[in-house]
Amino acid sequence: MRRRTRNSPRTTATITVIGRDKTGVIARVTNYLFEQGANIESLEEHVRRGQFSMVLEASWSAGRRRPELPGLAELARSLEMEINVHFQQRNRRQRMAIMVTSEPCCLSALLSKCRSGKLAVDPAVALSNRKDLAPVAAQYDVPFVYVPWNERKEAETTALRVLDEHGVDFVVLARFMKILSPNFVWRYPKRIINIHPSLLPSFPGAQAYRQAWERGVKMAGVTAHFVTMNLDEGPIIAQAGFPIRPQMRLSDIVKAGQKLEARVLVKAVRLFLANGLDISWGIVSGC
């Protein structure tokens, strides 16, 4: 595991490249970055059903001004690819999007911590596939955007446009009950945090509390993790558990778990904002 140096003076950026698969993309993008004086620290690429996706972590030496990256738009056009650059700006407050469905606990906790100053982040937008939680967002003066999720591709296109319009740096899934496609996830690499109602890797997917109850486990809990293309398999950030007593009903287990969901999710966001997380071989380490 590597530990991230908090006061590193380097300029760093995450670069995503997405489009139809073709030869030469990796070479052309990496050569371009080399010409711009970048050091490529990591590179991950996938091809799935003809769709090419690549994420690069790049850095520039200390003392250098933030690079302008001239010609990047032209490179994207010539490759017929979407290329996005997200610079890590250490002295700027991050802008957070919260995606929700109908459960208010996590949304309320995050917005409350933001208002009190206990989370140093700007809640840019609350986005939902239902209208239930609009009053919660309004209570905290946070824009609420309803996006119908009847067709996932259309919904994700709309959601991505909303996130871009609000200048979002990272996304928190606060009990958002829809599965995001790789096309969405790749645009926010290591910048989507989810709360899951089980002690992963046990009981991924839907109905985790019910699975724990039916299996008769003696300990259940919740997990905050980064979202990857594989459902509920992303690197774990934080967890908390509680004992299941013999007399507990399913409703008791759900109630006990919900008490932890908001607390663990807030902890994960706080760790993310502190720039104290690093991922090596799929494992999150904290400074």
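To start, this report covers the structure provided alongside it.

## Let's talk about the packing of aromatic side chains
- On inspection of all chains with the given rule, the structure shows five aromatic pairs.
- Taken together through their ring pairs, the aromatic side chains of Phe170, Phe226 and Phe272 make up a single cluster.

## With respect to the sheet that holds strand β3 (residues 51-60)
- The four strands are arranged β2-β3-β1-β4 in an open sheet whose pairing can be described as antiparallel. The sheet terminates laterally at β2 (39-48) and β4 (81-88), the two strands that pair on one side only. Strand-to-strand, the axes of this sheet are offset by a mean angle of 10°, without reference to chain direction.
- Pairing of strand β1 (residues 11-20) with β3 involves ten bridges; the strand directions are antiparallel. Bridged to Arg20 within β3 is Gln51.
- Contacts from helix α1 (residues 25-35) reach β1, β2, β3 and β4, with the element oriented near 20° to β3.

## Some thoughts on the sheet that holds strand β6 (residues 122-128)
- Spatial strand order, β7-β6-β5-β8-β9-β10-β11: seven strands in an open sheet with mixed pairing. Unpaired on one side and paired on the other, β7 (144-146) and β11 (236-243) mark the two borders of the sheet. Ignoring strand direction, the axes of neighbouring strands in this sheet form an average angle of 20°.
- Looking at chain direction, strand β5 (residues 95-100) and β6 are connected through six bridges and run parallel. Residue pairing across strands places Arg95 opposite Asp122, the latter belonging to β6.
- With respect to the sheet, helix α8 (residues 250-273) is in contact with β5, β8 (170-173), β9 (192-196), β10 (219-226) and β11, its orientation differing from that of β11 by roughly 155°.

## Quick look at the packing of α1 against helix α2 (residues 72-79)
- Look at α1 against α2: their axes get within 11 Å of each other, and the N-to-C directions meet at 170°. When the interaxial angle is binned, α1 and α2 end up roughly antiparallel. Every residue of α2 that contacts α1 at Val25, Arg28, Val29 and Tyr32 is listed here: Leu72, Leu75, Ser78 and Leu79.
- Here the residues of the contact of α1 with α2 sort into six nonpolar, one polar and one charged.

## Some words on unusual backbone geometry
- Residue Pro201 follows Leu200 across a cis peptide bond; omega there is 15°.
- Tracing the backbone shows Pro201 in the loop between β9 and α7 (208-215).
- The backbone of Gln207 sits at a positive phi, close to 60°, despite the residue not being glycine.
- One can find Gln207 in the loop between β9 and α7.

## Details of the nonpolar core
- Met96, Ile98, Leu110, Ile193, Leu265 and Val269 are the most contacted members of the largest nonpolar core, which totals 46 residues.
- For this core, the leading source of residues is α8, giving ten residues.
- One finds Ala155, Ala159, Leu163 and Val227 within the second-largest nonpolar core, a separate group that totals 23 residues.

About the thresholds
- Residues numbered from 1 in each chain as written.
- Predicted model: local features only at pLDDT ≥ 70, side-chain atom pairs only at ≥ 80, totals over all residues.
- Heavy atoms only, no water.
- Phe/Tyr/Trp six-rings, centres within 6.5 Å; stacked < 30°, edge-to-face > 60°.
- Pairing = 2+ DSSP bridges.
- Helix = DSSP H or I, 4+ residues; strand = E, 2+ residues; numbered from the N terminus.
- Axes fitted to C-alpha atoms, helices over the stretch in contact; angles between N-to-C directions.
- Contact = heavy atoms within 4.5 Å.
- Parallel < 35°, antiparallel > 145°, perpendicular 65-115°, else oblique.
- Nonpolar A, V, L, I, M, F, W, Y, C, P; charged D, E, K, R; others polar.
- Core = buried A, V, L, I, M, F, W, Y, C linked by side-chain atoms within 4.5 Å.
- Buried < 20%, exposed > 50% of the residue type's maximum accessible area, 1.4 Å probe, protein only.

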